[in-house]
Amino acid sequence: MRDFSADHRWLSLNTATVRKQGDLLEIIETCARHGIRAIDPWRDQVAAVGLERAARAVRETGLELSGYCRGGMFTSDAPRRIEVRDDNRRAVDEAKALGAPCIVLVVGGLPQYSRPGSAATKDIAGARVQVEEAMAEMMDYAKTAKMPLAIEPLHPAYAGDRACVNTTKHALDICDRLDPARSGALGVALDVYHIWWDPEVLGQIARAGKDRLLAFHVCDWLVPTKDILNDRGMMGDGVIDIKSLRRAVEAQGFAGYCEIEIFSDTWWTKSMDEVVRTCIERHRTVL
Ligand code: ZN
């Protein structure tokens, strides 16, 4: 396992971690100043400053991307299918312009939450079928741009509104069906927040192997967690055995960035510099 104690060269900052403190250009400037080499920006943050300005800032500071957040939200009612398709195609185009290595997919839950305005349903099995169909369609487009797609399984608490793919096994089953040749076009983004509780996770990481491990996200699980969306912990403040998960992905050959992604009403109140300094310190001491 790589030694992170001496520097933070493998730290990537998911820009949602400091999204309340400044826009993407300020985040990029702060990362560059702190010697952070990579980010994973969100589409709304890119849109807010303009794709061209964002791409230029990334280029001029020499930053890499560890992913692009996010594509997906594949479930909708029939009238919105074209909107879903076109939205995801735009995500591919943006990711390409920014130089992202992959697009992180949050696949969507029930249609009325995934694509608001869609007719309400309780058919989660149907939602899962739709996810695969729409993902296959997105893959066809993404392949022409040589843009890998990384399915992020989310904690089951999000099955209703954000993602009906909730385990690493489920995500890898989809990879096997849609990309049986393991071409590199489809893989997983594993986020410790979503996978740490799963008794099968280590075996599934081994099953994924290097070619399907496209991204690794870190934060911590606080006990109690007061808000499932916006109460993520800073690494070291919760109960996730992050090291054992990192060891497992690196044992498969994963050698990419450890991306810090913290949605937190607590950390959003602190200055950008303080959050980034803390991330660097925890990256060295906890990861
Ligand atoms: Zn994540």
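Everything discussed here concerns the structure shown above.
Participant: What is the right way to look at the overall build of the chain in this model?
Facilitator: Each helix and strand counted, the chain has eleven helices and nine strands in total. Radius of gyration (C-alpha) of the chain: 18 Å, near the 19 Å computed for a compact globule of 287 residues. With the C-alpha coordinates of the chain rotated into their principal frame, the extents come out at 50 × 45 × 40 Å. The buried share of the chain, reckoned over its 287 residues, is 56%.

Participant: Quick question: what am I supposed to make of the sheet that holds strand β8 (residues 213-218) here?
Facilitator: In a beta sheet, neighbouring strands are held together by backbone hydrogen bonds and run either parallel or antiparallel to one another. Spatially, β3-β2-β1-β9-β8-β7-β6-β5-β4 is the arrangement adopted by the nine strands of the open sheet, whose pairing is parallel. Strand pairing shows two members of the sheet lacking a second neighbour, β3 (64-65) and β4 (68-72), which therefore form its edges. Taken together, the three bridges between β8 and strand β9 (residues 258-260) define a ladder with parallel strand orientation. Its bridge partner lying in β9, F216 is registered against C258.

Participant: What exactly am I supposed to notice about the coordination of the zinc ion here?
Facilitator: Ideal geometry at a metal gives 109.5 degrees between four tetrahedral donors and either 90 or 180 degrees between six octahedral ones. Each protein donor to the zinc ion is listed here as E152 (OE), D191 (OD), H217 (ND1) and E261 (OE); together their distances run 2.0 to 2.2 Å. What the four donor atoms of the zinc ion show is an angle range of 80 to 159° at the metal, which sorts the shape as irregular. Positions of the donor residues of the zinc ion, expressed as sequence spacing, correspond to E-x38-D-x25-H-x43-E. Residue E152 is located in the loop between β6 (149-151) and α7 (168-178), and its partner D191 is located in strand β7 (residues 186-191); the two are separated by 39 residues in the primary sequence. Of the two residues, E152 and D191, both sit in the buried class.

Participant: Would you take a moment to explain the packing of aromatic side chains for this structure?
Facilitator: Each aromatic ring pair is characterised by the separation of its centres together with the angle its planes make. Here the structure, examined in full by the defined rule, presents five aromatic pairs. Considering the side-chain rings of W10 and Y257, the 5.2 Å spacing of their centres and the 55° angle between planes classify their relative orientation as tilted. Residue W10 is located in the segment before β1 (11-14), and its partner Y257 is located in the loop between α10 (242-251) and β9; the two are separated by 247 residues in the primary sequence. Given the relative accessible area of 23%, W10 is considered partly exposed. Measuring from centroid to centroid gives 5.8 Å for W42 and F263, while their planes differ by 75°, and the two rings are edge-to-face.

Participant: Which parts of the structure should I look at to understand empty space enclosed by the protein?
Facilitator: To find the voids left in a structure, one rolls a probe of water-molecule size over its atoms. Summed over all chains, the structure comprises one cavity of 30 Å³ or more. Empty space within the largest cavity amounts to approximately 50 Å³. Lining the largest cavity, in full, are F74, V84, R85, N88, R89, A134, E137 and M138. For the lining of the largest cavity, the elements supplying multiple residues, two or more each, are α4 (81-98) and α6 (124-144).

Participant: Before we go on, may I ask you to explain the packing of α6 against α7 in this structure?
Facilitator: In helix packing, the relevant descriptors are the interaxial angle and the interaxial distance, both defined with respect to the helix axes. α7 packs onto α6 with a crossing angle of 50° between their chain directions and a minimal axis gap of 11 Å. Taken together, the axes of α6 and α7 are oblique relative to one another. α6 and α7 meet at a crossing whose hand is right-handed. Of the residues in α7, those in contact with R128, E132, M135, A136 and M139 of α6 are H170, I174, R177 and L178. When its residues are assigned to classes, the contact of α6 with α7 shows five nonpolar, one polar and three charged.

Participant: Mind showing me how you'd approach the pattern of salt bridges here?
Facilitator: It is possible for side chains bearing opposite charge to pair when their charged atoms get close. By the definition in use, this model includes 23 salt bridges. A salt bridge links D86 to R85, with the nearest nitrogen and oxygen atoms 3.0 Å apart. The partner of R246 in a salt bridge is E250, and the shortest N-O contact between them spans 2.8 Å. Here R246 pairs with E250, and both are found in helix α10, just four residues apart, close to one helical turn. Its relative accessible area of 2% is what places R246 among the buried residues. Assessed through its relative accessible area of 12%, E250 is described here as buried. One network of salt bridges, with partners in common, ties together R43, E83, D87, R90, E94 and R115.

Participant: Teacher, can you tell me more about the side chain of Q204 here?
Facilitator: Its place among the elements puts Q204 in helix α9 (residues 201-208). For Q204, the side chain forms a polar contact with the side chain of R207, separated by 2.9 Å. With sequence-adjacent residues up to four places away left out, Q204 is seen in contact with T168, K169 and L172.

The rules behind each value
Residues numbered from 1 in each chain as written. Predicted model: local features only at pLDDT ≥ 70, side-chain atom pairs only at ≥ 80, totals over all residues. Heavy atoms only, no water. Helix = DSSP H or I, 4+ residues; strand = E, 2+ residues; numbered from the N terminus. Rg over C-alpha atoms; globule rule 2.2 N^0.38 Å. Buried < 20%, exposed > 50% of the residue type's maximum accessible area, 1.4 Å probe, protein only. Pairing = 2+ DSSP bridges. Donors = N, O, S within 2.8 Å, 3.2 Å for Na, K, Ca; no water. Tetrahedral: all angles 85-135°; square planar, octahedral: opposite > 155°, others 65-115°. Phe/Tyr/Trp six-rings, centres within 6.5 Å; stacked < 30°, edge-to-face > 60°. 1 Å grid on protein atoms, 1.4 Å probe; cavity = no way out; pocket = protein on both sides within 12 Å on 5 of 7 lines; lining within 4 Å. Points joined across faces, edges and corners; volume = space filled by probe spheres on them. Axes fitted to C-alpha atoms, helices over the stretch in contact; angles between N-to-C directions. Parallel < 35°, antiparallel > 145°, perpendicular 65-115°, else oblique. Left-handed = near helix turned anticlockwise from the far one by under 90°. Contact = heavy atoms within 4.5 Å. Nonpolar A, V, L, I, M, F, W, Y, C, P; charged D, E, K, R; others polar. Salt bridge = Lys/Arg side-chain N within 4 Å of Asp/Glu carboxyl O. Polar contact = N/O pair within 3.5 Å; in protein donor to acceptor, adjacent residues only side chain to side chain.

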